[in-house]
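The chain contents come next:
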Amino acid sequence: MTNSILEYLTVFVLAAFVGIEVVSKVPSILHTPLMSGSNAIHGVVLVGSMLVLGHAHTGAEEVLGFLAVVLATLNVVGGFVVTDRMLEMFKAKPRGRDESSAPSGSTERPGEPSA
Amino acid sequence: MSLGTFIDLCYLVAAIGFIVALKGLGSPKHARRGNVVAAIGMALAIGVTFAQPDLSHVWLIVVGMVVGVVVAVPAARLVKMTAMPQMVAIFNGVGGGAAALVSITEFLGSDPKVLATYKVLEVLFGVLVGCVSFAGSAVAFAKLQEIMTGRPITYPGQQVINGIVGLAVLGLALTVLVTASTALLWVLLALALVLGVIFVLPIGGADVPVLISLLNAFTGLAVAASGFTLDSNLLIVAGTLVGASGIILTRLMSQAMGRSLPNILFSAFGSVITATGGADGADERPVRTSTPEDVGVLLAYARKVVIVPGYGLAVAQAQHVARELADALAQRGVEVFYAIHPVAGRMPGHMNVLLAEANVPYDELKEMDEANPQMPTADVALVVGANDTVNPAANDTPGSPIYGMPIIHADQAQHVVFLKRSMRPGFAGIDNELLYNDKTVLLFGDAKDTLQKLVAAVAAA
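The rules behind the values
Residues numbered from 1 in each chain as written. Chains lettered and ligands numbered in written order. Predicted model: local features only at pLDDT ≥ 70, side-chain atom pairs only at ≥ 80, totals over all residues. Heavy atoms only, no water. pLDDT = per-residue confidence, 0-100. Helix = DSSP H or I, 4+ residues; strand = E, 2+ residues; numbered from the N terminus. Contact = heavy atoms within 4.5 Å. Buried area = accessible area lost by both parts, 1.4 Å probe. Salt bridge = Lys/Arg side-chain N within 4 Å of Asp/Glu carboxyl O. Polar contact = N/O pair within 3.5 Å; in protein donor to acceptor, adjacent residues only side chain to side chain. Nonpolar A, V, L, I, M, F, W, Y, C, P; charged D, E, K, R; others polar. Pairing = 2+ DSSP bridges. Axes fitted to C-alpha atoms, helices over the stretch in contact; angles between N-to-C directions. Parallel < 35°, antiparallel > 145°, perpendicular 65-115°, else oblique. Left-handed = near helix turned anticlockwise from the far one by under 90°. Expected span 1.5 Å × (residues − 1). Buried < 20%, exposed > 50% of the residue type's maximum accessible area, 1.4 Å probe, protein only. Domains from an automatic or database assignment. Phe/Tyr/Trp six-rings, centres within 6.5 Å; stacked < 30°, edge-to-face > 60°. Lys NZ or Arg CZ within 6 Å of the ring centre and 35° of its normal.

Let us now look at the confidence of the model for chain B. Residues at a pLDDT of 70 or more form 93% of chain B, whose mean pLDDT is 86. Confidence, expressed as mean pLDDT per element, reaches its minimum in chain B at helix H11 (residues 269-278) of chain B with 40 and its maximum at helix H3 (residues 58-78) of chain B with 95.

Residues and elements named next belong to chain B. We note that Glu146 has phi near 60°; this positive angle belongs to a residue other than glycine. Note that Glu146 resides in the loop between helix H5 (117-144) and helix H6 (158-179). In the Ramachandran plot, Asp231 falls in the positive-phi region, its phi being about 55° despite a non-glycine side chain. Within the secondary structure layout, Asp231 lies in the loop between helix H8 (208-230) and helix H9 (233-256).

Turning our eyes to something else, we now look at the interface of chain A and chain B. Accessible area lost upon the coming together of the parts serves often as the stated size of an interface. Taken together, the contact pairs 85 residues of chain A with 107 residues of chain B. Taking both sides of the interface into account, the surface hidden between chain A and chain B amounts to around 8600 Å²; carbon and sulfur atoms contribute 75%. Here chain A is connected to chain B by 1 salt bridge. Across the pair Asp84 of chain A and Arg32 of chain B runs a salt bridge whose closest N-O atoms are separated by 3.1 Å. Run the count over chain A and chain B and you get 15 residue pairs in polar contact (both at pLDDT 80 or more). Mapped by element, the contributors of at least two residues to the side of chain A that touches chain B are helix H1 (2-23), helix H2 (31-41), helix H3 (45-54) and helix H4 (59-105) of chain A. At 36 residues, H4 of chain A tops the list of elements feeding residues into the side of chain A that touches chain B. When its residues are assigned to classes, the side of chain A that touches chain B shows 50 nonpolar, 24 polar and 11 charged.

All right, on to the sheet that holds strand E1 (residues 304-309) of chain B then. Residues and elements named next belong to chain B. Taken in spatial order, the 6 strands of this open sheet run E3-E2-E1-E4-E5-E6, and their pairing is parallel. Where the open sheet ends on each side, the last strands, each with one partner, are strand E3 (365-367) and strand E6 (440-444). Direction aside, neighbouring strands of the sheet carry axes that sit 25° apart on average. Judged from the 3 bridges that link them, strand E2 (residues 335-340) and E3 form a sheet pairing that is parallel.

Do not read the predicted coordinates in detail wherever pLDDT is low. All names here are of chain A. Averaged over chain A, the pLDDT score is 79; the fraction of residues at 70 or greater is 74%. H4 is the least confidently modelled element of chain A, averaging 76 in pLDDT, while H3 averages 96, the highest of any element. A low-confidence stretch, residues 92-115 stays under pLDDT 50, and its non-local contacts, those more than four residues away or across chains, total 22 contacts.

Bringing the packing of H2 of chain A against H8 of chain B into the picture now. For the pair H2 of chain A and H8 of chain B, interaxial distance at closest approach is 10 Å and the crossing angle is 30°. By the angle between their directions, the pair H2 of chain A and H8 of chain B is classed as roughly parallel. The two elements H2 of chain A and H8 of chain B meet at a crossing, and its hand is left-handed. The residues of H8 of chain B that touch H2 of chain A, namely those facing Met35, Ser38 and Asn39 of chain A, are Pro209, Ile212, Ser213 and Asn216 of chain B. Considered class by class, the residues forming the contact of H2 of chain A with H8 of chain B number 3 nonpolar, 4 polar and no charged.

This part covers helix H1 (residues 3-25) of chain B. Taking 1.5 Å per residue as the helical rise, H1 of chain B with its 23 residues ought to reach 33 Å, and the 33 Å between its terminal C-alpha atoms agrees with that figure. Looking only at H1 of chain B, the buried set comprises Ile7, Cys10, Tyr11, Ala14, Ala15, Gly17, Phe18, Ala21, Leu22, Gly24 and Leu25 of chain B.

Residues and elements named next belong to chain B. Split into domains, chain B comes out as domain 1 (1-76), domain 2 (100-271) and domain 3 (292-460). The gap between the C-alpha centroids of domain 1 and domain 2 is 25 Å. Taken together, the contact between domain 1 and domain 2 spans 7 residues of the former and 5 residues of the latter. Summing both sides of the interface, domain 1 and domain 2 together bury roughly 480 Å²; the carbon and sulfur share of this comes to 94%. The largest contributions to the domain 1 side of the interface with domain 2 come from Tyr11, Phe18 and Leu22, which together make up 64% of the buried area.

Taken as a whole and assessed by the stated rule, the structure comprises 2 aromatic pairs over all chains. Look at Tyr8 of chain A and Phe228 of chain B: their rings are 6.4 Å apart centre to centre, the planes differ by 80°, and that puts the pair in the edge-to-face class. In this pair, Tyr8 of chain A is assigned in helix H1 and Phe228 of chain B in helix H8, connecting two distinct chains. Summarising the burial analysis for this pair, Tyr8 of chain A and Phe228 of chain B share the class buried. Among the aromatic residues, those joined into a ring-pair cluster are Tyr8 and Phe12 of chain A together with Phe228 of chain B. In this structure, Lys366 of chain B is placed above the aromatic ring of Phe337 of chain B, and the distance from its NZ or CZ to the ring centre is 5.3 Å.

In the contact formed by H2 of chain A and H1 of chain B, the axes pass within 9 Å of each other and the chain directions differ by 170°. When the interaxial angle is binned, H2 of chain A and H1 of chain B end up roughly antiparallel. Crossing of H2 of chain A over H1 of chain B shows right-handed handedness. Contacts between H2 of chain A and H1 of chain B pair Pro33, Leu34, Gly37, Ser38 and Ile41 of chain A from the former with Phe18, Ala21, Leu22 and Leu25 of chain B from the latter. Considering only residue class, the contact of H2 of chain A with H1 of chain B consists of 7 nonpolar, 2 polar and no charged.

Structure, rendered in structure tokens:
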């Protein structure tokens, strides 16, 4: 027993160092997506919720476990979709610019100011 | 290889995926791929969990997941980009709630008499931190969604009351640790929810994003605690990653505001500042207002225009019109760029996301450090819905509450145009000297309306 808790503590400490290391050089533009992305990652609590509900014995455990599964699913799914929407914005930008600036820059310029 | 080993291996792959994903999210090039990697890792972890031997209630799990998906997908898809921060808050909150529920359910399922003390400690930590995160995120959501006021809520003796509740939670936690009493654990859960609410109430305005980042880290730690309870390395790794990175991110954010984290959390920023700001008695001084037509001419014949967007632009949903104006000016050969303060909008980087949504090209977005050297050569600084982030008091008034916060030097441009709804001060609640400057003109009204008029005025000029 004591050994296993020590193993988990080791994992915990190492993961903490990795977490600090990985985000220390993030440009501030990406702070919001990073927050949102890590928000989705802690949705992994869904795995824990599944295990808890899957091993429930009493009615109370079933109710609590079920609630946990619903909430954790909200976290995972919502987290990833929101993050993807944010990052989509970053990616679509250069393309959208080309499409919109090309016509307005060349063909429509003479007519537009008068209107 | 046994099934159990295989499942654990898959969990390891998922954990590696999360680390790679976080790394990817830190660079503009790989950010989206990072998110996809995390999603694949998550799908793998959830998928193999179904293969766990002795997993019962499978149909109930599936029903719960379907309910979650049916609620989350439309909510996350349909929400406006300006409302993203509160979506992050609420999805973070439910994660904290789930972690607390996992911990407490696991506690109910085991015999308290044979439970080792450290096991109870893990449960306590998961329940406590998870509940604070859940309740705190709910209040943060309400503040951002403007269900309740976004300003700090203070009352006499607030810190004493918070302190007492905090001590009560701690004492109760110790009692549960010794007695392993289920009934007391429920009381603790309720009290932790109360603590979450009263902890968040005095934090308002521009500090809410920092708070959400902190609560995000809390949820990560609560998930790690439930990982200890469940003997799951995956939950420990993922939860700790988020907890550690979230705390670093929170520090980066508060540094960008020139303040320490304890100061943000415990000083009820808004109230303190109203007290000091009012002493100036500067409210009666005249300001110069202008018309959209005049400003349109000023902009159209400028060589370099810097747009300084702020929270007001986000609220007015004016990012698309702002881009129209920038394009109209660029067509006339005016050099235009956006100067983005690190805490502009409702979250660091939020303004970039909003402008990106309006298809503003990357190279026109300049971070504060890049923009400031160019300010003295700018003809016009167009400040749209920003205030504190251009307040010179941060540089030259040592007594000011925002003294020391880095600002965008709009005051160094030849002309300054403020688009404001009213003379009401910004989040910090302090007067902005720049508003009374000789080279400053003000255009009152909704940012979107005013920008539309400016687009028309520039076209006519």
